[in-house]
Each structure stands twice: as C-alpha cells, then as structure tokens.
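Report on the structure
Letter by letter, the chains look like this.
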Amino acid sequence: MQTFQILTDSACDLTQEQLDRLQIQRVNLEVNIPGSDQHLVGDGDEEMKAFYARLRNQENVTTNAVNVGQMRDAMEAILAAGDDLLYIGFDSALSSTYQNGVIAAGELREKYPQRRIETVDTLCASLGFGLLVTLTAEKRLEGWDLEQTKGFAEENAPKMCHWFTVNDLFFLKRGGRVSSATAVVGTLLNIKPILHCDAVGHLTPAGKARGRKAALQTLVDKMKQGAIDPASQHVMICHGDCMDDAQWLKQQLLEQVGVKKVTIGYIGPVIASHAGPDTISVFYLGNNR
C-alpha cells in the first residue's frame, strides 16, 4: 500500500507533542508582534502566557495566512520523499490558508503526477479543527488508506460543533464582530456573548448570558442538547489563558454530560489574536452545527 502523510496548519492549535504522537506535519501561519521579527506558533505554556500578557496590554498583534509558496514547500517535502499527501486545512471562511493549499496542490500535481494529493476544507478552527485532525489521524494510524481517511474527515467536519464565549468584548469589536455600542453596553451589564462556528464556517452570535458562570453553563447545555453519544466522545476545550474556567467546564462536562474524555489546551496565537484573552470554547461531534 502506498504510504501517505497528513499535513495540517497551526490554526488547529495542537501542540508539537500532540502532532508528533499523531505523526502529523504542520505548516505555520504567521503571528506578528509589534517590535519583533518573531513569528509565534505557541507550543509552550510560558510562551503562551507571555503572548496573552501582550494581548491584555492591547498590543496590536496581527496574523498572516500561509502563502502559496510556503504551502508548496511544505507539501513538496512530503511528495519528494515518496509519500502521498492529505492536507487538512483551516476554515476557508476565516483565512485564505486553505485556498492557498489548494493552489499549491494543483501546481504540485503537475510536477508529481505519480503522487496523490488530496485536500479537505474543515470549516473548523482552533481545537475544533484540532479535534477533527486528531480523530482523522487516529484512523490513519489504525491502517486506514488515503481515501478512507479523507472520507472520514469530510464526513465529520460538518458535525464538529464549536461553542465559545468571550470575557472581553474589545477584541470582537476590533474585529467587527460586535458594534462599539454593543461592546460598551455589554461590558457595563456584564453580558457575555455565546458564539459558534456555523455550517459554512462563519463565526456567528448565538445568544448571550448574564455573567461568566452562566455563559460557561450555556456551553455545557449546548452539548447536552446536541452531542452524538457523548459517553463515547473525546471532547476538547481550549482557553485563552483561563485554566481555572477550563477545569470547571471540564468537570461539568464529565458530571452533567458524561463524556468519555476531555482534553484541555490553549487557544493558539492565531485565533487568540482575534478572540482575546479569557475566551473559552468546547468542541464535540453533534447532530449538526
């Protein structure tokens, strides 16, 4: 059987340790910090804490998609080694990274006609994206071939539910997700928006709660209402440097929903630059998004 490798990108928010365990390669989006030529990936806790300190200081961190050349280089390294390739990419509604991967794949199919190059647009972000990549890579490690593995990713991407809340409306206002008036009133009244990633990959407001604990409980309730067989599920929580809230949410998912396994991780620099500190999210497979 022809071997194949999985390539993903850093918006999946999986750590290098997780990627190594799953035998996945990664190409990195750029996160640009004022006054620095460093492009963060965010693999270590200390690096992430320092990054969130910059966000709390409202430094104007910016992000760049993986360009076609960078994507082509990452893909070609795999193809030149003699392997086929499955690229599982970041939500095309939020970044041009996936489309640049499609362009690079098209160019490389001409150069390597003997190799198979497949791409999947997950329409997922952060550890929703990371959870889909994890579940898919586990199938590859079980011996599934390229066609089966790609099919699994495509089948489950529309079921990957993303529910999250933010604590500071400044970042949503800066990104145009809420108006200035909404941000001011929401802050004064301690209103916390509930958002999700919809069926076409857009971040969409889906409600609001009064206070942080009520917002976190809403995330639990959303999973109660829509999860597929939670007792068999691996669920992921990601947090914007608010581990205590993440641990509270994990405990509620174990007790109230009865999930099988919960993994907690940081929201990486790409997503955090737009969502801000203290954002918290839960990701699971549901009947629909």
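Throughout what follows, the structure given in this document is the object of discussion. A quick note: this is a predicted structure, and the numbers were derived from the prediction, not measured. (Residues numbered from 1 in each chain as written. Predicted model: local features only at pLDDT ≥ 70, side-chain atom pairs only at ≥ 80, totals over all residues. Heavy atoms only, no water.)

We now examine unusual backbone geometry. We note that Asp13 has phi near 60°; this positive angle belongs to a residue other than glycine. Within the secondary structure, Asp13 sits in the loop between β1 (4-9) and α1 (16-22). Since its relative accessible area comes to 10%, Asp13 is described here as buried. Non-glycine residue Asp241 carries a positive phi angle of around 65°. By the element assignment, Asp241 lies in the loop between β10 (234-239) and α10 (243-257). Overall, Asp241 belongs to the buried group, its relative accessible area being 18%. (Helix = DSSP H or I, 4+ residues; strand = E, 2+ residues; numbered from the N terminus. Buried < 20%, exposed > 50% of the residue type's maximum accessible area, 1.4 Å probe, protein only.)

Right, let's talk about the pattern of salt bridges for a bit. Applying the stated criterion to the full structure yields 15 salt bridges. Put simply, Arg116 and Glu118 hold a salt bridge, and the shortest N to O gap is 3.0 Å. Since its relative accessible area comes to 32%, Arg116 is described here as partly exposed. Residue classification places Glu118 among the buried positions, given a relative accessible area of 18%. Here Asp221 makes a salt bridge to Lys224, at a shortest N to O gap of 3.9 Å. Taken together, the positions of Asp221 and Lys224, both in helix α9 (residues 212-226) and 3 residues apart, correspond to about one turn of that helix. Using a relative accessible area of 43% as the deciding quantity, one classes Lys224 as partly exposed. Salt bridges linked by common partners bring Arg116, Glu118, Glu147, Lys150 and Glu154 together as one network. (Salt bridge = Lys/Arg side-chain N within 4 Å of Asp/Glu carboxyl O.)

This paragraph deals with the packing of aromatic side chains. Enumeration over the complete set of coordinates arrives at 5 aromatic pairs. Aromatic side chains Phe51 and Tyr52 sit 5.9 Å apart centroid to centroid with 75° between the ring planes, which places their arrangement in the edge-to-face category. By relative accessible area, which is 0% here, Tyr52 ends up buried. Taking 6.3 Å as the distance between ring centres and 5° as the angle between the ring planes, the aromatic pair formed by Phe90 and Phe129 counts as stacked. Of the two residues, Phe90 is situated in the loop between β5 (84-89) and α4 (97-111) and Phe129 in helix α5 (residues 126-141); the sequence distance between them amounts to 39 residues. Across this residue pair, the class does not change: Phe90 and Phe129 are buried. Here the aromatic residues Phe51, Tyr52 and Tyr266 are joined through ring pairs into a cluster of three or more. (Phe/Tyr/Trp six-rings, centres within 6.5 Å; stacked < 30°, edge-to-face > 60°.)

Another point: the nonpolar core. Counting residues in each nonpolar core, the largest one holds 59 residues, and the members touching the most others are Phe51 and Met75. If you look at the next biggest cluster of nonpolar residues, it comprises 22 residues, including Leu219, Ala227, Val235 and Ile237. (Core = buried A, V, L, I, M, F, W, Y, C linked by side-chain atoms within 4.5 Å.)

A few words on the packing of α5 against helix α6 (residues 146-156). Following both chains from N to C, one finds α5 and α6 inclined at 155°, their axes separated by 9 Å at the closest point. Between α5 and α6, the angle falls in the class roughly antiparallel. At the point where α5 passes α6, the crossing takes the right-handed sense. Along its contact with α5, which presents Leu132, Leu135, Thr136, Lys139 and Arg140, the element α6 presents Thr149, Phe152, Ala153 and Asn156. Taken together, the residues of the contact of α5 with α6 sort by class into 4 nonpolar, 3 polar and 2 charged. (Axes fitted to C-alpha atoms, helices over the stretch in contact; angles between N-to-C directions. Parallel < 35°, antiparallel > 145°, perpendicular 65-115°, else oblique. Left-handed = near helix turned anticlockwise from the far one by under 90°. Contact = heavy atoms within 4.5 Å. Nonpolar A, V, L, I, M, F, W, Y, C, P; charged D, E, K, R; others polar.)

Let's shift gears to the sheet that holds β1. Spatially, 4 strands are ordered β2-β1-β5-β6 in an open sheet, and the strand pairing comes out parallel. Across the chains shown, the open sheet's two edge strands, defined by having one partner strand only, are β2 (24-27) and β6 (117-121). Strand-to-strand, the axes of this sheet are offset by a mean angle of 25°, without reference to chain direction. Where β1 and β2 come together, 4 bridges link them in parallel fashion. By the bridge assignment for β2, Leu7 is matched with Gln25. Against the sheet, helix α3 (residues 68-80) engages β1, β2, β5 and β6, with an angle of about 145° to β5. Contacts from α4 reach β1, β5 and β6 within the one sheet, and its direction differs from that of β6 by about 165°. (Pairing = 2+ DSSP bridges.)

Our focus in this paragraph is the environment of Val27. Mapped onto the secondary structure, Val27 falls in strand β2. Sequence separation of Val27 and Asp9 is 18 residues, and the distance between their C-alpha atoms is 4.7 Å. The residues contacting Val27, other than those within four sequence positions of it, are Leu7, Thr8, Asp9, Ser10, Val66, Gln70, Met71 and Ala74.

Counting through the fold element by element, Lys192 comes out in strand β8 (residues 191-197). Within the structure, the side chain of Lys192 is placed 3.1 Å from the side chain of Asn167, a separation counted as a polar contact. Once you skip the residues sitting within four places of it in the chain, Lys192 turns out to touch Thr165, Val166, Asn167, Lys208, Ala209, Gly211, Arg212 and Ala215. (Polar contact = N/O pair within 3.5 Å; in protein donor to acceptor, adjacent residues only side chain to side chain.)

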